[in-house]
Amino acid sequence: MGNKEWREFGRTEVIDNTLNPDFVRKFILDYFFEERQNIRFDLYDVDSKSANLSKHDFLGQAHCTLGEVVGSLGSRLEKALGGIPGKKCGTIIVKAEELNNCRESVLMQFCGNKLDKKDFFGKSDPFLVFYRSNEDGTFTICHKTEVIKNTLNPVWQAFKISVRALCNGDYDRTIKVEVYDWDRDGSHDFIGEFSTSYRELSRGQSQFNVYEVVNPKKKGKKKKYLNSGTVTLLSFLVDIEVTFLDYIKGGTQINFTVAIDFTASNGHPAQPTSLHYMSPYQLNTYAMALKAVGEIIQDYDSDKMFPALGFGAKLPPDGRVSHEFALNGNPQNPYCTGIDGVMEAYYQSLKSVQLYGPTNFSPVINHVARYAASVSDGSQYFVLLIITDGVISDMAQTKESIVNASCLPMSIIIVGVGPAEFDAMVELDGDEVRISSRGRYAERDIVQFVPFRDYIDRTGNHVLSMARLAKDVLAEIPDQFLSYMRTRGIKPSPAPPPYTPPAQPLQTQI
């Protein structure tokens, strides 16, 4: 990422004598939607036992990002191999799948029977405490049930816990359960304990899941001691949490629209002090913000066609002020090809329009909302990136637009560039206080605001500045996306069937 150098992550096994190898070895990578994770595959023909790659024949290489693999249909990417001038090197097929034991959660319910009486005047007030065991033999608390007052035969409410929290995804790891009698002063009395595992519990309600609650101290003292009662598992239901990747795999597209602030407060583009100044040596902050966010999102959009809009400028030929004009000059078709196409359209429009004002956000928000409103089946999600230098002129209308958009499949990212005070933007980002308009509150938080100046790398490394910016502004998108899908009850489409390589003709030895 920052230092531009490649590090070897791992190697597949060697497959002998074939031009169509199907490699088995898997590589486990941490995936972050909000980062650009570059990957390179190098292929070699192995000629000896040496681990030194220069001793083997190079067959070609392919570059991509992890987002490209994940964002492809069925998370299956096919790429031509290159790297040997004038030679066709064949293709590589890369398939990604999400590791799933981390996504399951379990709904369990327990009851107790004939637990020890601990209270002098009444019966006990029992509750359960669950611990997962760690690699080093210690235990970590992972769940407490509620207290049931004055009974030796409690039925606790069902509770939901993730498999990761319960046993770290390891089905055979010990789960220890302690039974206590609750006391008001906090000195809860220990009734006894038992151990189990996820694998045992997953058998559900059966004779295997009736546990004797044992108090080791009592057992040591009394010869006839059997137990301090029993705890029985009443039900065990596994629920798989669907993730952002399940939707992407099922073909949901992320549509990316950019809106750029062309108000006069940015300064005249010909002046080096202007935020829109086009230096031959480096990107201006608008271009940096656009490229940083766009390069990541474009991996999740199959046609790579992005509408690019501007606001707050006077347009040729008649000088009318517009708050949603197409950067490519074609209002019927504002789409640009790839992020590079958007950059090109941005540079061209700087030469033809006149910076003006005021700074109105609601027209571009409503523009994207119209598209988002027409697709409610979960097949598309819209992300609007607004890049602006500051003070907003249509606050009331913008709030109204955001509240309306909060029930649509869309998210809004606002990047503030330049030195202005951005207090109003912080209000739009509903992290502290949910945004409202005329007494109506936004259904969910869909706005993420960041000032670009917080990300400028002190050493002048713009690659790092852009990576940091993208990481922060995109981090909330998967959760915003999921909250829309969940509240609408939209399930991911099934991924396409797995790829099977075409049958190879059998080779016979003569």
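- If you check an unreviewed UniProt entry, the chain appears there as Copine 8 from Acanthochromis polyacanthus.
- The record held by UniProt for the chain lists under Sequence similarities (unreviewed entry) the comment "Belongs to the copine family."

## Some thoughts on the sheet that holds strand S6 (residues 126-133)
Then comes step 1: An order of S7-S6-S9-S10 is seen for the 4 strands of this open sheet, with the pairing classed as antiparallel. Only two strands of the sheet have a single partner each, and these edge strands are strand S7 (139-144) and strand S10 (189-197). Each strand of the sheet is rotated relative to its neighbour by a mean of 30°, with strand direction disregarded.
Then comes step 2: Pairing between S6 and S7: 5 bridges, direction antiparallel. From the neighbouring strand, Tyr131 faces S7, where its bridge partner is Ile141.

## As for the sheet that holds strand S19 (residues 354-355)
Then comes step 1: Spatially, 3 strands are ordered S16-S15-S19 in an open sheet, and the strand pairing comes out antiparallel. Bordering the open sheet on either side are strand S16 (320-322) and S19, each of which pairs with just one other strand.
Then comes step 2: Looking at chain direction, strand S15 (residues 313-315) and S19 are connected through 2 bridges and run antiparallel. In the strand pairing of S19, Lys314 is matched with Gln354.

## Remarks on the environment of Gly186
Then comes step 1: Mapped onto the elements of the fold, Gly186 is located in the loop between strand S9 (174-181) and S10.
Then comes step 2: Between the C-alpha atoms of Gly186 and Asn360, which are 174 residues apart in sequence, the distance is 58 Å.

## Here we look at the UniProt feature "domain: VWFA" (unreviewed entry) in the chain
Then comes step 1: Annotation from UniProt places "domain: VWFA" (unreviewed entry) at residues 255-459.
Then comes step 2: Within the segment residues 255-459, helix and strand shares are 28% and 25% respectively, and the terminal C-alpha atoms sit 34 Å apart.

## Considerations on the nonpolar core
Then comes step 1: By size, the foremost hydrophobic cluster in this structure holds 70 residues, and its most contacted members are Phe262, Val415, Leu469 and Leu474.
Then comes step 2: For this core, the leading source of residues is helix H6 (residues 285-297), giving 9 residues.
Then comes step 3: Residue contributions to this core reach at least three from each of two domains, namely domain 1 (15-100) and domain 3 (245-488).
Then comes step 4: Listed in part, the 30 residues of the second largest apolar core include Ala369, Val375, Ile435 and Phe449.

## Here we look at the pairing of strand S5 (residues 104-113)
Then comes step 1: Counting buried residues in S5 gives 7 out of 10 residues, a clear majority hidden from the surface.
Then comes step 2: As judged from the 4 bridges shared by S5 and strand S8 (residues 159-162), these two strands associate in the antiparallel manner. Within S8, the position partnered with Val106 by the bridge is Ile161.

## Quick look at the packing of aromatic side chains
Then comes step 1: Taken as a whole and assessed by the stated rule, the structure comprises 24 aromatic pairs.
Then comes step 2: An angle of 70° between the planes, with centres 5.6 Å apart, marks the rings of Tyr198 and Phe236 as edge-to-face. Taken as a pair, Tyr198 in helix H3 (residues 198-201) and Phe236 in strand S12 (residues 230-240) lie far apart in primary sequence, 38 residues in all. Both residues of the pair, Tyr198 and Phe236, belong to the buried class.
Then comes step 3: Arranged with centres 5.3 Å apart and planes meeting at 40°, the rings of Tyr346 and Tyr347 form a pair that is tilted.
Then comes step 4: On the basis of relative accessible area, Tyr346 is assigned to the buried category, the value being 0%.
Then comes step 5: Residue Tyr347 is classed as buried on the basis of its relative accessible area of 19%.
Then comes step 6: Within the aromatic cluster, the residues linked to one another by ring pairs are Phe33, Phe244, Tyr247, Tyr300, Tyr381, Phe481 and Tyr484.

## Re helix H12 (residues 477-487)
Then comes step 1: All buried positions along H12 are accounted for by Ile477, Pro478, Gln480, Phe481, Leu482, Tyr484 and Met485.
Then comes step 2: Each element contacted by the buried residues of H12 is listed here: helix H5 (244-249), strand S20 (380-388), strand S21 (410-416), strand S24 (447-451) and helix H11 (462-474).
Then comes step 3: Gly489 sits one or two positions beyond H12 and adopts a positive phi of about 65°.

## Some words on the layout of surface pockets
Then comes step 1: A volume near 290 Å³ is recorded for the second largest pocket.
Then comes step 2: Lining the second largest pocket we find 19 residues, and of these Leu315, Phe325, Ala326, Gly329 and Pro331 sit closest to its centre.
Then comes step 3: Among the elements of the structure, S16, strand S17 (325-326) and helix H7 (338-352) are those that each provide at least two residues to the lining of the second largest pocket.
Then comes step 4: Per-element tally for the lining of the second largest pocket: the top contributor is H7, with 3 residues.

## Focus on empty space enclosed by the protein
Then comes step 1: Enumeration over the complete set of coordinates arrives at 1 cavity of 30 Å³ or more.
Then comes step 2: When its volume is computed, the largest cavity comes out at roughly 60 Å³.
Then comes step 3: Along the walls of the largest cavity sit 13 residues, with Glu35, Arg36, Gly67, Asp299 and Tyr300 positioned nearest its centre.
Then comes step 4: Of all the elements in the fold, those that place two or more residues in the lining of the largest cavity are helix H1 (66-71) and H6.

## Remarks on the domain arrangement of the chain
Then comes step 1: By domain assignment, the chain separates into domain 1 (15-100), domain 2 (104-240) and domain 3 (245-488).
Then comes step 2: Computed over C-alpha atoms only, the centres of domain 2 and domain 3 are separated by 51 Å.

## Regarding the pattern of salt bridges
Oppositely charged side chains are able to pair whenever their charged atoms sit close together.
Then comes step 1: Scanning the model with the defined rule gives 17 salt bridges in all.
Then comes step 2: In this structure, Arg173 and Asp170 form a salt bridge, with 3.6 Å as the shortest nitrogen-oxygen distance.
Then comes step 3: A salt bridge links Arg438 to Glu400, with the shortest nitrogen-to-oxygen separation between them at 2.7 Å. With Arg438 in the loop between strand S22 (436-437) and strand S23 (440-441) and Glu400 in helix H9 (residues 395-405), the pair connects residues that are 38 residues apart, well separated along the chain.
Then comes step 4: Residue Arg438 is classed as exposed on the basis of its relative accessible area, which comes to 74%.
Then comes step 5: In this structure, a network of salt bridges that share partners links the residues Glu34, Glu35 and Lys471.

What counts and what doesn't
Per chain, the residues get numbers from 1 upward, laid out in the order the sequence is written. With pLDDT at 70 or above as the cut-off, local features in this predicted model cover only qualifying residues; side-chain atom pairs require 80 or more to be listed or tallied, and sums for whole chains, interfaces and linings still use all residues. As a rule here, side-chain values come from all non-hydrogen atoms in the structure, and water together with hydrogens is ignored. UniProt positions are given in the numbering used here, feature names are shortened, and annotations may be inferred rather than shown by experiment. At least two DSSP bridges between two strands are required for those strands to pair. Only DSSP runs of H or I with at least four residues qualify as helices, and only runs of E with at least two residues qualify as strands; both kinds are numbered from the N terminus onward. Axes here mean lines fitted to C-alpha atoms, for a helix over just the part in contact, with angles spanning 0 to 180 degrees between N-to-C directions. Think of a nonpolar core as a cluster: buried Ala, Val, Leu, Ile, Met, Phe, Trp, Tyr and Cys residues, connected wherever their side-chain atoms sit within 4.5 Å. Any residue under 20% of the maximum accessible area for its type is buried, any over 50% is exposed, and the rest in between are partly exposed; the area is computed with a 1.4 Å probe on protein chains only. These domain limits were set by an automatic method or by a database of domain assignments. Each Phe, Tyr or Trp ring (for Trp, its six-membered ring) is paired with any other whose centre lies within 6.5 Å, and the angle between the two planes then decides the class: stacked below 30 degrees, edge-to-face above 60, tilted in between. We call two residues in contact when some of their heavy atoms are within 4.5 Å. Definitions used throughout: a 1 Å grid over protein atoms alone; a cavity as a set of points that fits a 1.4 Å probe which cannot get out; a pocket as an open set with protein on both sides within 12 Å along at least five of seven lines; a lining residue as one with an atom within 4 Å of a point. Grid points are joined across faces, edges and corners, and a volume is the space filled by probe spheres set on the points. The working definition used for a salt bridge is a side-chain nitrogen of Lys or Arg within 4 Å of a carboxyl oxygen of Asp or Glu.

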